[in-house]
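Observations on the model geometry
One letter stands for each residue in the lines below.
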Protein chains: 4
Amino acid sequence: MTVRVTVWNEFRQEHTDAPVRAIYPDGIHEAIAAGLRGAADLSVRTATLDSASQGLPDALLDETDVLTWWGHVAHDDVSDETVDRVHARVLDGMGLVVLHSGHFSRIFKRLMGTGCNLKWREDGRRERLWVVDPSHPIAEGLGESFVLPEEEMYGEFFDIPAPDELVLVSWFEGGEVFRSGATWRRGRGRVAYLRPGHETHPTYHNPDIHRLIGNAVRWAAAPRGAAPTFGNAQPVEPPG
Amino acid sequence: MTVRVTVWNEFRQEHTDAPVRAIYPDGIHEAIAAGLRGAADLSVRTATLDSASQGLPDALLDETDVLTWWGHVAHDDVSDETVDRVHARVLDGMGLVVLHSGHFSRIFKRLMGTGCNLKWREDGRRERLWVVDPSHPIAEGLGESFVLPEEEMYGEFFDIPAPDELVLVSWFEGGEVFRSGATWRRGRGRVAYLRPGHETHPTYHNPDIHRLIGNAVRWAAAPRGAAPTFGNAQPVEPPG
Amino acid sequence: MTVRVTVWNEFRQEHTDAPVRAIYPDGIHEAIAAGLRGAADLSVRTATLDSASQGLPDALLDETDVLTWWGHVAHDDVSDETVDRVHARVLDGMGLVVLHSGHFSRIFKRLMGTGCNLKWREDGRRERLWVVDPSHPIAEGLGESFVLPEEEMYGEFFDIPAPDELVLVSWFEGGEVFRSGATWRRGRGRVAYLRPGHETHPTYHNPDIHRLIGNAVRWAAAPRGAAPTFGNAQPVEPPG
Amino acid sequence: MTVRVTVWNEFRQEHTDAPVRAIYPDGIHEAIAAGLRGAADLSVRTATLDSASQGLPDALLDETDVLTWWGHVAHDDVSDETVDRVHARVLDGMGLVVLHSGHFSRIFKRLMGTGCNLKWREDGRRERLWVVDPSHPIAEGLGESFVLPEEEMYGEFFDIPAPDELVLVSWFEGGEVFRSGATWRRGRGRVAYLRPGHETHPTYHNPDIHRLIGNAVRWAAAPRGAAPTFGNAQPVEPPG
């Protein structure tokens, strides 16, 4: 089965911020997509905020099994209508992989029900990510831990619901830890959060990160049950 | 420690619907409160939608450890401002016990991140609630199962996030099951959902239900950790 | 990827009990295997208790991605050595799908850490299984609920650890409910429990049950992370 | 309500190892007990392996609401009979708080169903413990994080079932992280694991650790539901 992935990016800082453009000249989305395009089982498209329908017209979502989401400075520019539509799609079974500063996106906060806040520090130091659930497909091929030589720090408390599955925990040089790879189910949909990916670091050119995102996409696209029905219902069992 | 409980009710059908008024002449909130007032460790107040600040002024919430919520026909009359304030209080540590048709309240949907829909049937037949986690304080004193002789049916799929703790599962005569007692943590707050309590049945006069709600209130008021801080943070560990 | 499944059965009552033999003349294992053999992505073998190495020599386990387990009257005949070996395999990543009266098998109790007891009644009446997690691959193709016209009843409390994922809840005519499809992770291994399958009913000839077991086998065979290492460890990060 | 705590210690290295005796001249159990004895709501006794009935006669367990467990070099000296009895008590509702090297105790492995192995390093460097669930009573009074100036390192992967609740995650100077405060329910019993407490460091004289253990004891002693019944059962609902 081919998984149809749409890589969404707000695509703003690449235009306004020279250091970001230097690392991601074609946009963060193209770096992420490049990391997924080598896989025979993934069919990859990209979408950006300043396109028609904020990049996510129904025709595209109709052909999207999993959506990945990167945003940072433009969360508030994502419209109610876009958030409502993506939310409905997730509940109906579309997978969603939220990346890094997407923790503060409207769609992630909507799905979590919490503030999704955290501690952060832009010091570009080392991050080490440890696998705390080696039974999980998101951990495939990552080793027991792996390192990003330079990243932004995110620290606990991360104000999310207790994950259904906790896969990765990060260690930072400054003394912090963070739940960096986590999953939740919402309706028929599957949601993953993956911490790394600050725009001033080449994280989305890193092969371990490509693998991690690919793993999460496949996990989020797994088969699922029938669409539930709701409302006034006749008895399903006859009187005894 | 005394737990300060505020029992909130939309208090509409008691005015408009004679069968409801016949069962709850003083309002559903007073029946619930009556069930809690006998407990030496609970201090109980009531609040209703059509009061000032929709019954929930800051001065009251400042003195509320746990809020119970019953609503049905007036969910949409609860304002954004009320939902925002209650949501912030829960994340900051106030307990919330959502009752029956409160599954469709704006505050519950906000906290869950899902549609919170379900199947239902107003047939007034038997419901049996089974304890599936006897280690849980919400199950104290309920026996292995208990019966409500007449209730509305709620059936799966119940579109909620997988509960952090599942305590009760209901059996209905028509062939349905339902996750009837469940808990979630949101920020520093604790949220419980308790299924029973349709307005045309005397459920809130039932001693088992009084006990169940009291148990949930105490659970939701348990001690908790310090308020987290968020934002730009200096390293907590010195360079090695 | 082809999943290599070994269907294990104690295979005793088929020899001693005419009604069981009438339903499963080749053994319960052959009925289960027949239900899986039609799938192109599964490679199926069977194994039984009274064979060499209790049916599970290392050479077979080396080629087993997922083991399914049916036992009832001969749990105590499974040796310490067999339990130890299967336990080690699960922690090392082999999937395990435990069926019906396998709830009382030594390997399931070892993996759960609890008593695994329950209520039961051999009355051959209807069971209805409801999907309570439509995001789960184990629920694929089962509809919102499905019926077994005759089965043994199992009732709560089922003395298991709270499942990592609860997929199915059963309704029984006598008033009981049961957590009928549940999963846990143990080490790198994935464990599922599926309730139906009493030996005096044709449950393992039912297409929904074939699908359910196949779904669980595929879920239990999903990719996973690297084998962890343990013991005395040097620092992974250099002094700052 | 007074919680009756029994603090169990294998009490061996305090006799054989001068550095341990220097820190814990009366035994680790007395240091732990001293930290709990100031609390008006706790009634504290101690017990050690080389006493009659391995320190845990039925008469003592009959009066024990919560047992804390510290062991290290003598896990294998704990008899089958002791493990069986403590296991049965936990399933029947006794709380169990397992400390540090107790991760490898027979009773913890029995309750978890996994290998419970981990990485370790006796370097006596700093550990910082972060609260990742500020809604949890185990976190009360600990702040957002707290430090132990010298401790043994424990690192992931920690081979435990995914905790029902994860409360603390540790950061170590050498680059490791660890799930340091975690809970599980087993039967009617509640189990907590708390990482700190190597015998060559004064951890059990630390006020934060006293508070942490006291919090866990109170959590493990919370009210619970009725004892379940098992076995052949008549229908609870009349034919319709």
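Counting of residues starts from 1 at the beginning of each chain's written sequence and follows it residue by residue. By the order in which they are written, chains take letters starting at A while ligands take numbers starting at 1. Where local features are concerned, this predicted model is filtered to residues with pLDDT of at least 70; where side-chain atom pairs are given and counted, the filter is 80 or more; whole-chain, interface and lining totals use all residues. In computing side-chain properties, one takes all heavy atoms of the structure into account and sets aside hydrogens as well as water.

Considerations on the overall build of chain A
For clarity, the threshold we go by: Starting at the N terminus, helices and strands are each numbered in turn, a helix being any DSSP run of H or I of at least four residues and a strand any DSSP run of E of at least two. A radius of gyration in this sense is built from C-alpha atoms; the matching globule rule multiplies 2.2 Å by the number of residues raised to 0.38. Think of it in three bands: residues with accessible area under 20% of the maximum for their type are buried, residues over 50% are exposed, and the middle band is partly exposed, with areas taken using a 1.4 Å probe on protein chains only. In what follows, residue pairs with any heavy atoms lying within 4.5 Å of each other are defined as contacts. Computed with a 1.4 Å probe, the accessible areas rest on the Shrake-Rupley method; for each residue, only the protein chains presented here act as cover. Asp and Glu are treated as the negative residues and Lys and Arg as the positive ones, with His and the ends of the chain left uncounted. By convention, charge coordinates are those of NZ in Lys, CZ in Arg, CG in Asp, or CD in Glu.
From N to C terminus, chain A includes 7 helices and 10 strands. In summary, chain A has a C-alpha radius of gyration of 18 Å against a globular reference of 18 Å for 240 residues, a match within 12%. When the backbone C-alpha atoms are referred to their principal axes, chain A occupies close to 65 × 40 × 35 Å. The proportion of buried residues among the 240 residues of chain A is 64%. For chain A, the share of sequence-separated contacts (at least 6 apart) that also reach a separation of at least 24 residues comes to 71%. Accessible area of chain A: about 7,600 Å², with a carbon and sulfur share of 50%. In chain A, 24 positive and 35 negative side-chain charges are present, and the distance between their average locations comes to 2 Å.

Some details on the relation of the copies chain C and chain A
Note the threshold: Residues reaching a pLDDT of at least 70 in both copies supply the C-alpha atoms on which the copies are superposed by least squares.
Mapping chain C onto chain A calls for a rotation angle of 180 degrees and an axial translation of 0.0 Å; the resulting RMSD is 0.0 Å. Taken together, the rotation and translation describe the operation of a two-fold axis. For chain C, the minimum C-alpha distance to the rotation axis belongs to Asp164 of chain C and amounts to 3.8 Å. Same-surface contact between copies: 97% of interface residues of chain C are shared with the interface of chain A.

What to know about the relation of the copies chain A and chain B
Expressed as a screw transformation, the operator carrying chain A onto chain B has a rotation angle of 180 degrees and an axial translation of 0.0 Å, and the superposed copies differ by an RMSD of 0.0 Å. Interface overlap between copies: 100% of the residues of chain A at the interface are likewise at the interface in chain B, consistent with a symmetric, same-surface contact.

Let's talk about the pairing of strand S8 (residues 177-186) of chain A
Regular strands place their side chains on alternate faces of the sheet. Residue and element names in this part refer to chain A. Applicable threshold: Two strands form a pair only when DSSP identifies at least two bridges running between them.
For S8, a buried count of 10 out of 10 residues is recorded, marking the element as mostly surrounded by other parts of the structure. Across 6 bridges, the pairing between strand S7 (residues 165-172) and S8 is antiparallel. Residue pairing in the sheet places Leu166 in a bridge with Ala182 of S8. Connecting the antiparallel pair S7 and S8 is a turn made up of 4 residues, with Gly175 showing a positive phi of about 110 degrees. Of the pairings in the sheet, the one linking S8 to strand S9 (residues 189-194) comprises 6 bridges and is antiparallel in character. Residue pairing in the sheet places Ala182 in a bridge with Tyr193 of S9. The loop that links S8 with its antiparallel partner S9 comprises 2 residues; one of these, Gly187, has a positive phi angle of about 60 degrees.

A short note on the packing of aromatic side chains
All names here are of chain C. Going by this rule: For Phe, Tyr and Trp, where Trp contributes only its six-membered ring, two rings pair if their centres lie within 6.5 Å, and the inter-plane angle classes them as stacked under 30 degrees, edge-to-face over 60, or tilted in between.
For the structure shown, the criterion picks out 30 aromatic pairs over all chains. The interplanar angle of 70 degrees and the centroid separation of 5.8 Å between the aromatic rings of Phe108 and Trp184 together place this pair among those described as edge-to-face. Separated by 76 residues along the polypeptide, Phe108 in helix H6 (residues 106-112) and Trp184 in strand S8 (residues 177-186) bring together distant segments of the chain. Per residue, the accessibility class of Phe108 equals that of Trp184, and both read buried.

Here's the deal with the interface of chain A and chain B
To be explicit about the condition: The term buried area denotes the loss of accessible surface (1.4 Å probe radius) that occurs when two parts are joined, taken as the sum for both partners. Just to be clear on terms, a salt bridge is a Lys or Arg side-chain nitrogen sitting within 4 Å of an Asp or Glu carboxyl oxygen. Counted as a polar contact is a pair of N or O atoms within 3.5 Å, where, for protein atoms, one must be capable of donating a hydrogen and the other of accepting one, and residues adjacent in sequence contribute only when both atoms are in side chains.
In this assembly, 35 residues from chain A lie in contact with 35 residues from chain B. Of the roughly 2,800 Å² buried between chain A and chain B, counting both surfaces, carbon and sulfur atoms make up 57%. The tally of links from chain A across to chain B stands at 0 salt bridges. For the pair chain A and chain B, the interface holds 18 residue pairs in polar contact (both at pLDDT 80 or more).

Here we look at the interface of chain C and chain A
Keep this limit in mind: Following the grouping adopted for this structure description, the nonpolar residues are Ala, Val, Leu, Ile, Met, Phe, Trp, Tyr, Cys and Pro, the charged ones are Asp, Glu, Lys and Arg, and the polar ones are all others, Gly among them.
If you look at the interface, chain C gives 32 residues, while chain A gives 31 residues. In this assembly, chain C packs against chain A so that about 2,700 Å² is buried in total across both faces, 50% of it on carbon and sulfur atoms. The interface formed by chain C and chain A contains 6 salt bridges. Among the elements of the structure, strand S5 (119-131), strand S7 (165-172) and strand S9 (189-194) of chain C are those that each provide at least two residues to the side of chain C that touches chain A. Residue classes in the side of chain C that touches chain A are distributed as 13 nonpolar, 7 polar and 12 charged.

A few points about helix H5 (residues 80-91) of chain D
The α-helix winds at 3.6 residues per turn, so residues separated by three or four positions along the chain end up facing the same way. All names here are of chain D. To keep it simple, the criterion reads: What a helix is expected to span follows from its residue count: subtract one and scale by 1.5 Å.
In this model H5 runs 16 Å from its N-terminal to its C-terminal C-alpha over 12 residues, within 8% of the 16 Å that 1.5 Å per residue would give. Every buried residue of H5 is accounted for by Thr82, Val83, Arg85, Val86, His87, Val90 and Leu91. Of the surrounding secondary structure, the elements contacted by the buried residues of H5 are helix H4 (58-62), strand S3 (66-70), strand S4 (95-99), helix H6 (106-112), strand S8 (177-186) and strand S9 (189-194). With its phi angle positive at about 125 degrees, Gly93 sits one or two positions after the end of H5.

Observations regarding the environment of Ala88 of chain D
Relative to the helices and strands, Ala88 of chain D is located in helix H5. Taking the C-alpha atoms as reference points, Ala88 of chain D and Gly189 of chain D, separated by 101 residues in sequence, lie 9.6 Å from one another.

Comments concerning the packing of helix H3 (residues 28-37) of chain D against helix H7 (residues 207-220) of chain D
All names here are of chain D. Quick reminder of the rule: Between N-to-C directions, angles span 0 to 180 degrees; the directions come from axes that are lines fitted to C-alpha atoms, helices contributing only their stretch in contact. Any angle that falls under 35 degrees is termed roughly parallel, while one over 145 is termed roughly antiparallel, one within 65 to 115 roughly perpendicular, and all others oblique.
The geometry of H3 relative to H7 is characterised by a closest axis approach of 9 Å and an angle of 75 degrees between their N-to-C directions. Looking at the two axes, H3 sits roughly perpendicular to H7. The segment H3 lies against H7, with Ala31, Ile32, Gly35 and Leu36 engaging His210, Ile213 and Gly214.

A closer look at the pairing of S7 of chain A
Residue and element names in this part refer to chain A. Most of S7 is tucked away, with 8 of its 8 residues classed as buried. Sheet topology places strand S5 (residues 119-131) next to S7; 5 bridges connect them, and they run antiparallel. Among the inter-strand pairings, Arg128 is bridged to a residue of S7, identified as Trp171.

Some points on helix H7 (residues 207-220) of chain A
Residues and elements named next belong to chain A. Taking 1.5 Å of rise per residue, the 14 residues of H7 would be expected to cover 20 Å, and the 20 Å separating its terminal C-alpha atoms lies within 8% of that figure. With 10 of its 14 residues buried, H7 lies for the most part within the structure. Along H7, the positions that sit buried rather than exposed are Ile209, His210, Leu212, Ile213, Gly214, Asn215, Ala216, Val217, Trp219 and Ala220. A distance of 2.7 Å separates the backbone nitrogen of Asp208 from a side-chain oxygen at the start of H7, and that oxygen is part of Asn206.

Some points on the side chain of Glu176 of chain A
Within the element layout of this structure, Glu176 of chain A appears in the loop between S7 and S8. According to the relative accessible area criterion, Glu176 of chain A is buried, its value standing at 1%. Among the polar contacts listed, one links the side chain of Glu176 of chain A to the side chain of Arg121 of chain A, at a separation of 2.9 Å. When residues no more than four places from it in sequence are discounted, the contact partners of Glu176 of chain A are Arg121, Met153, Gly155, Ser170 and Trp171 of chain A, Gln234, Pro235 and Val236 of chain B together with Trp130 and Trp171 of chain D.

Observations regarding the confidence of the model for chain A
Convention followed: Across the chain, each position has a pLDDT score giving the predictor's confidence in that residue, from 0 to 100.
Averaged over every residue, the pLDDT of chain A is 97; the share at 70 or more is 100%. In the model output, the complex is listed with pTM 0.98 alongside ipTM 0.97.

Focus: the environment of Thr183 of chain B
All names here are of chain B. When you line up the elements, Thr183 lands in strand S8 (residues 177-186). For Thr183, a relative accessible area of 1% corresponds to the buried category. Taking C-alpha positions, Thr183 is 22 Å from Val44, a pair spaced 139 residues apart along the chain. The residues contacting Thr183, other than those within four sequence positions of it, are His136, Ile138, Pro163, Asp164, Glu165, Val191, Ala192 and Trp219. At 2.7 Å, the side chain of Thr183 forms a polar contact with the side chain of Glu165.

Observations regarding unusual backbone geometry
Following Glu156 of chain A, the chain continues into Phe157 of chain A via a peptide bond in cis, with omega recorded as 10 degrees. Checked against the element boundaries, Phe157 of chain A lands in the loop between strand S6 (145-155) and S7. Phi at Cys116 of chain B is positive, roughly 65 degrees, even though this residue is not glycine. Looking at the element boundaries, Cys116 of chain B is found in the loop between helix H6 (106-112) and strand S5 (119-131). Even without glycine at this site, Gln54 of chain C takes up a positive phi of about 55 degrees. Position of Gln54 of chain C relative to the elements: it lies in the loop between strand S2 (42-48) and helix H4 (58-61).

Focus on the environment of Arg185 of chain A
Residues and elements named next belong to chain A. By the secondary structure assignment, Arg185 is in strand S8. By relative accessible area, Arg185 is classed as buried at 8%. For the pair Arg185 and Glu81, spaced 104 residues apart in the sequence, the C-alpha separation amounts to 22 Å.

Overview of the state of the cysteines
Definition in use: The term disulfide is used for any two cysteine sulfur atoms that are within 2.5 Å.
All chains considered together, the criterion is met by 0 disulfides over all chains. Cys116 of chain B takes part in no disulfide bond, and the closest cysteine sulfur to it belongs to Cys116 of chain A, at a distance of 16 Å.

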